[in-house]
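# Examining the three-dimensional arrangement
As a plain string of letters, each chain reads:
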Amino acid sequence: VAAAPKEGSFQLTTSPIGAKATFDTSGIECTTPCNLTLPAGRHVFVLSHAGFRETQKIITIPNDTGLIVDLVPMTGTLNLITDPAGLTVVIDGREHPQKTPVSLTLPVGPHKIQVVKGSERQDLQVDLSDGQFLSKTISWQ
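What this report covers is the structure whose coordinates are included nearby. (Residues numbered from 1 in each chain as written. Predicted model: local features only at pLDDT ≥ 70, side-chain atom pairs only at ≥ 80, totals over all residues. Heavy atoms only, no water.)

### Some points on the pattern of salt bridges
Between side chains of opposite charge, a pair can form when the charged atoms approach closely. For clarity, the threshold we go by: For salt bridges, the criterion is a side-chain nitrogen of Lys or Arg within 4 Å of an Asp or Glu carboxyl oxygen. When accessible area is computed with a 1.4 Å probe and restricted to protein chains, residues below 20% of their type maximum are described as buried, those above 50% as exposed, and intermediate ones as partly exposed.
Applying the stated rule across the entire model yields 3 salt bridges. Notably, a salt bridge pairs Glu29 with Lys20, separated by 3.7 Å at the nearest N-O pair. On the basis of relative accessible area, Glu29 is assigned to the partly exposed category, the value being 47%. The partner of Lys99 in a salt bridge is Glu95, with the nearest N and O atoms 4.0 Å apart.

Set out below in structure tokens:
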């Protein structure tokens, strides 16, 4: 009878790459993609990456040999209403394909929003946090 392995190799990949993985309370860390040798048994690790939600996973060594984790971006929603409707919206310098009213899912952080009506423009700054729902109404006189 073969003895149970005392450790196993584990390949960790994330999409996008470059996440920091912290294993258990052992202090083992790596930046994805990475390949580690871990003691046999159950392990909990946490993935953290700027702009993405923290993700926790549980693996069992030697059964689990690898994992690919899709990280979930942190986003907020901006609901933009204009009076009159049907205006062009420019987000961070790029024109959005839809006209107002529009609901935009944007990465967390600051954004420069511009609403264009003919030759006139109105600017606003928004700073979105994860899961935030922000509603803005812009009226032209």
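The rest of the description comes next.
### A word on the side chain of Thr32
This is how it is decided: Here a strand is any run of E in DSSP of at least two residues, a helix any run of H or I of at least four, and the numbering for each starts at the N terminus. The criterion used for residue contact is that any of the two residues' heavy atoms lie within 4.5 Å.
You can see Thr32 is positioned in the loop between strand 3 (28–31) and strand 4 (34–39). If near-sequence neighbours (up to four positions away) are discounted, Thr32 is found in contact with Leu12, Thr14, Ile17, Gly18, Ala19 and Leu47.

### Quick word on the state of the cysteines
Basically, it comes down to this: Any two cysteine sulfur atoms within 2.5 Å of one another count as a disulfide.
The tally for this structure, following the rule as stated, stands at 1 disulfide. Across the disulfide, Cys30 is cross-linked to Cys34 (sulfur-sulfur distance 2.0 Å). Judged on exposure class, the residue Cys30 and its partner Cys34 are both buried.

### Describing the environment of Thr13
Within the secondary structure, Thr13 sits in strand 1 (residues 7–15). A relative accessible area of 23% means that Thr13 is categorised as partly exposed. Between the C-alpha atoms of Thr13 and Asp70, which are 57 residues apart in sequence, the distance is 8.8 Å.

### Here's the deal with the sheet that holds strand 13 (residues 120–128)
In plain terms, the rule: Any two strands with at least two DSSP-identified bridges between them are counted as paired.
Taken together, 4 strands build an open sheet; the order of strands is 10-9-12-13 and the sheet is antiparallel. The open sheet terminates on both sides in strands that have one partner only, identified here as strand 10 (94–95) and strand 13. As paired elements, strand 9 (residues 88–91) and strand 10 share 2 bridges and run antiparallel to each other. Bridge assignment links Val90 to a residue of strand 10, and that residue is Glu95.

### Thoughts on the environment of Asp83
Relative to the helices and strands, Asp83 is located in strand 8 (residues 75–83). For Asp83, a relative accessible area of 46% gives the class partly exposed. With 49 residues separating them along the chain, Asp83 and Cys34 place their C-alpha atoms 52 Å apart. Beyond its immediate stretch of four places on either side in the chain, Asp83 contacts Ile138, Ser139 and Trp140.

### What to know about the pairing of strand 4
Only one face of strand 4 is covered, namely the one carrying Cys34, Leu36 and Leu38; the face carrying Asn35, Thr37 and Pro39 has none of its residues buried. Judged from the 6 bridges that link them, strand 1 and strand 4 form a sheet pairing that is antiparallel. Bridged to Leu12 within strand 4 is Cys34.

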